[in-house]
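# Fold and contact review
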Amino acid sequence: MDTMTIAGARPVGEVVDVYVIYDDGTAGHLQASADRELTLSRPGRVVSRDEYSERLGQLRDGTAAHVAALEAADEARHRADFEALVGLGVPEDSARRMAGFPDGRR
């Protein structure tokens with residue numbers, strides 16, 4: 001099979017996976033040509049796949065903890081609203097609906 005070439009274009013070499021941890025703590029996975037020098041888009045360092053996987057796990061754990069804290073704060077706010085409404089004499093079922101506080105009997 002004949003191949004066409006384009007003036008000034010170079011053939012693509014082997015593509016490799018590259019793992020990066022950026023200076024801001026985020027992690028990146030990209031693919032690059034093995035025969036060309038890699039230039040990162042922002043400050044960071046190339047790491048092993050294992051180090052990248054470990055950092056990704058840390059980021060996921062941190063996100064899960066943050067989400068859990070947000071959910072707990074949200075539940076506490078709904079509970080406080082519910083209790084305030086009940087304290088004002090609003091019937092419990094109405095107070096639950098108004099405060100968005102479920103009764104757990106689903």
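## Things to note about the side chain of His78
Relative to the assigned elements, His78 resides in helix H1 (residues 49-87). The exposure class of His78 is buried, given its relative accessible area of 17%.

## What about the packing of H1 against helix H2 (residues 92-99)?
Relative to each other, H1 and H2 sit at 145°, their axes nearing to 9 Å. In this structure, H1 meets H2 at a crossing whose hand is right-handed. In this structure, H1 uses His78, Asp81, Phe82, Leu85 and Val86 to contact H2, whose residues at the interface are Glu92, Ala95, Arg96, Met98 and Ala99. Of the residues assigned to the contact of H1 with H2, the class counts are 6 nonpolar, 1 polar and 3 charged.

## Topic: the sheet that holds strand S1 (residues 15-22)
Here 3 strands make up an open sheet; going across it, the order is S2-S1-S3 and the pairing antiparallel. Strands at the two margins of the open sheet, each flanked by one partner only, are strand S2 (27-33) and strand S3 (44-47). For this sheet the average axis-to-axis angle between neighbouring strands, irrespective of direction, equals 40°. Taken together, the 4 bridges between S1 and S3 define a ladder with antiparallel strand orientation. Each residue of the ladder has a partner; that of Tyr22, found in S3, is Gly44.

Parameters and conventions
Residues numbered from 1 in each chain as written. Predicted model: local features only at pLDDT ≥ 70, side-chain atom pairs only at ≥ 80, totals over all residues. Heavy atoms only, no water. Helix = DSSP H or I, 4+ residues; strand = E, 2+ residues; numbered from the N terminus. Buried < 20%, exposed > 50% of the residue type's maximum accessible area, 1.4 Å probe, protein only. Axes fitted to C-alpha atoms, helices over the stretch in contact; angles between N-to-C directions. Left-handed = near helix turned anticlockwise from the far one by under 90°. Contact = heavy atoms within 4.5 Å. Nonpolar A, V, L, I, M, F, W, Y, C, P; charged D, E, K, R; others polar. Pairing = 2+ DSSP bridges.

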